[in-house]
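Coordinate inspection notes
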Amino acid sequence: MPTVLALETSCDESAAAIVSDRRVLASAVASQVEEHARWGGVVPEIASRRHVEALPLLIERVCAESGLSLSAVDAVAATVAPGLLGALLVASVTGRTLARLHNKPFLGVHHLEGHLCSVQLGEPLPAGPYLVLLVSGGHTELIRVDGPGQYRRLGRSHDDAAGEAFDKVARLLGLGYPGGPAIQAAAAAGNASRFELPKGRVSRPEGGFHPYDFSFSGLKTAMLRQVRALEGEASLPVADLAASFERVVAEVLVERSCRCAADQGLGTLVLVGGVAANRRLRQLLERRCGALGLQWRVAPLAYCTDNAAMIGVAAAERLAQGHCSPGDLGVAARLPLAEAEGLYQTPALF
Ligand code: KG4
Ligand code: ZN
């Protein structure tokens, strides 16, 4: 079982972890949320600087917690795509330097492959080919997984990612950043059936709709109109608005995922990514899958939002396949998951 030191700095969480196969020996995350909250979103320059400050301390912490020194790990891994370029560079340069210094293989990991692997940090593991609903701040995708590294995207958002929609609607309602947890908290006391909101669909040029694709821009506009229409009232019914929005997002995600799984003959649906932390979404997924006789798995709560343990699991899986990245591997702001294979060469260089 390979032991991997993994680093993650693709957006606004600095993270380090040491995993042995899919067991977490230590995991530490330093969130920059408070710093970015003042600006209502992530400021790339601030993110990079904070990663530079935080990462060395996080590495020290996971080494101390696991009782392992860097010379005792089998490989060093870092997220190299997709994400903010300056932010990605921090983990990538740190990881490649440590790998070189300690004469270990380096693995550059695709961030979405990390999210896909986060479900392996829980029990039991999803069996056979399965469908993953990956919902984060940057992505909303339905991905068929046939085995390690074997991914096929079957659905996607054509505009905002689900997490982005949560963040923007939270700002509209005057709630905090990040929007997901703020909307969830406000929605707890709300009436989720009070407002009718659209479940955005994406039309096909040849007619009809993409059955597994998503669009959240119409929903966002509908929320804006609703808020404007209510402006004359004594106070904005924030809880009811948040709950209605959260319900529609959860319904649209679960309905299209279940349909896709059924059409594909896949018996298991897996939920990962930051938005997978959403309580209503988790509960609805459980209910609908139960009713349809589908198996369902959700990434452990601690590993839904960005972390390095999931990057370590993805790297351990690649290492077990004999993969390793070139020492001069760069970073990329955008990279389709289907091209993750290009981050590796076989056999290992070291
Ligand atoms: O996976 P993640 O940490 O970063 C990306 O790779 O994007 O996801 C962050 C996103 C944010 O948009 C945040 O608002 C959302 O996940 N999020 C949630 C919840 N917790 C985080 N959305 C809904 N409900 C939550 N409880
Ligand atoms: Zn992420």
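On a predicted model such as this, the values are computed, not experimentally measured, just so you know.

1. Comments concerning the pattern of salt bridges
- Scanning the model with the defined rule gives 19 salt bridges in all.
- With a closest N to O distance of 2.9 Å, D146 and R144 form a salt bridge.
- Exposure remark for R144: the relative accessible area of 14% places this residue in the buried category.
- Between E255 and K199 there is a salt bridge, with the nearest N and O atoms lying 3.1 Å from each other. Of the two residues, E255 is situated in helix 8 (residues 238-264) and K199 in the loop between helix 6 (179-187) and helix 7 (217-229); the sequence distance between them amounts to 56 residues.
- The exposure class of K199 is partly exposed, given its relative accessible area of 31%.

2. Digging into the nonpolar core
- In this structure, F216, F245 and L253 are the most contacted members of the largest nonpolar core, which totals 65 residues.
- Each of domain 1 (3-116 + 304-343) and domain 2 (126-298) gives at least three residues to this core.
- Leave out the neighbours within four places in its chain, and L253 touches L133, V135, T140, A162, F214, F216 and L281.

3. So, the environment of G290
- Its place among the elements puts G290 in helix 9 (residues 279-292).
- Its relative accessible area of 51% is what places G290 among the exposed residues.
- Sequence-wise, G290 and R256 are 34 residues apart; in three dimensions their C-alpha atoms are separated by 16 Å.

4. Focus on the domain arrangement of the chain
- Domain annotation for the chain reports domain 1 (3-116 + 304-343) and domain 2 (126-298).
- Relative placement of domain 1 and domain 2: their C-alpha centres are 27 Å apart.
- At the interface, 19 residues of domain 1 touch 19 residues of domain 2.
- Here domain 1 and domain 2 share an interface that buries about 1500 Å² over both sides, 69% of which is from carbon and sulfur atoms.
- When the buried surface of domain 1 facing domain 2 is broken down by residue, L112, L116 and C304 rank first, second and third, together holding 38% of it.
- Taken together, the links from domain 1 to domain 2 amount to zero salt bridges.

5. A word on the pairing of strand 1 (residues 3-8)
- Of all six residues in strand 1, six are buried, a share of seventy percent or more.
- Across the two faces of strand 1 the burial is the same, with T3, L5 and L7 and V4, A6 and E8 all buried.
- Pairing of strand 1 with strand 2 (residues 13-20) involves six bridges; the strand directions are antiparallel. Paired with A6 across the strands is A17, a residue of strand 2.
- Linking strand 1 back to strand 2 in an antiparallel pair, the connection comprises four residues.
- Where strand 1 and strand 4 (residues 75-81) come together, four bridges link them in parallel fashion. Residue pairing across strands places V4 opposite A75, the latter belonging to strand 4.

6. Brief notes about the packing of helix 8 against helix 9
- In contact at an axis separation of 9 Å, helix 8 and helix 9 are set at 35° when each is read in the N-to-C sense. For the element pair helix 8 and helix 9, the recorded crossing hand is right-handed. Together, A243, E246, R247, A250, E251, L253, V254, E255 and C258 of helix 8 and R280, L281, L284, L285, R288, C289 and L292 of helix 9 make up the contact between the two elements.
- Class assignment of the residues belonging to the contact of helix 8 with helix 9 gives a composition of ten nonpolar, no polar and six charged.

7. Observations regarding the packing of helix 5 (residues 162-172) against helix 6
- Two elements in contact, helix 5 and helix 6, have axes whose closest approach is 7 Å; the angle formed by their N-to-C orientations is 60°. Classed by the angle they form, the pair helix 5 and helix 6 counts as oblique. In this structure, helix 5 crosses over helix 6, and the sense of that crossing is left-handed. Within the contact between the two elements, helix 5 uses F166, D167, V169 and A170 and helix 6 uses G179, G180 and I183.
- Taken together, the residues that form the contact of helix 5 with helix 6 break down as four nonpolar, two polar and one charged.

8. A look at the sheet that holds strand 9 (residues 268-272)
- The sheet built from five strands is open, its strands ordered 8-7-6-9-10 with mixed pairing. With one partner strand each, in any of the chains shown, strand 8 (150-156) and strand 10 (295-298) form the two edges of the open sheet. Neighbour to neighbour, the strand axes of the sheet diverge by 25° on average, direction disregarded.
- Taken together, the six bridges between strand 6 (residues 130-135) and strand 7 (residues 140-147) define a ladder with antiparallel strand orientation. Within strand 7, the position partnered with Y130 by the bridge is V145.
- In this fold helix 9 packs onto strand 6, strand 9 and strand 10, with an angle of close to 165° to the strand it touches most, strand 10.

Definitions and cut-offs
Residues numbered from 1 in each chain as written. Chains lettered and ligands numbered in written order. Predicted model: local features only at pLDDT ≥ 70, side-chain atom pairs only at ≥ 80, totals over all residues. Heavy atoms only, no water. Salt bridge = Lys/Arg side-chain N within 4 Å of Asp/Glu carboxyl O. Buried < 20%, exposed > 50% of the residue type's maximum accessible area, 1.4 Å probe, protein only. Helix = DSSP H or I, 4+ residues; strand = E, 2+ residues; numbered from the N terminus. Core = buried A, V, L, I, M, F, W, Y, C linked by side-chain atoms within 4.5 Å. Domains from an automatic or database assignment. Contact = heavy atoms within 4.5 Å. Buried area = accessible area lost by both parts, 1.4 Å probe. Pairing = 2+ DSSP bridges. Axes fitted to C-alpha atoms, helices over the stretch in contact; angles between N-to-C directions. Left-handed = near helix turned anticlockwise from the far one by under 90°. Nonpolar A, V, L, I, M, F, W, Y, C, P; charged D, E, K, R; others polar. Parallel < 35°, antiparallel > 145°, perpendicular 65-115°, else oblique.

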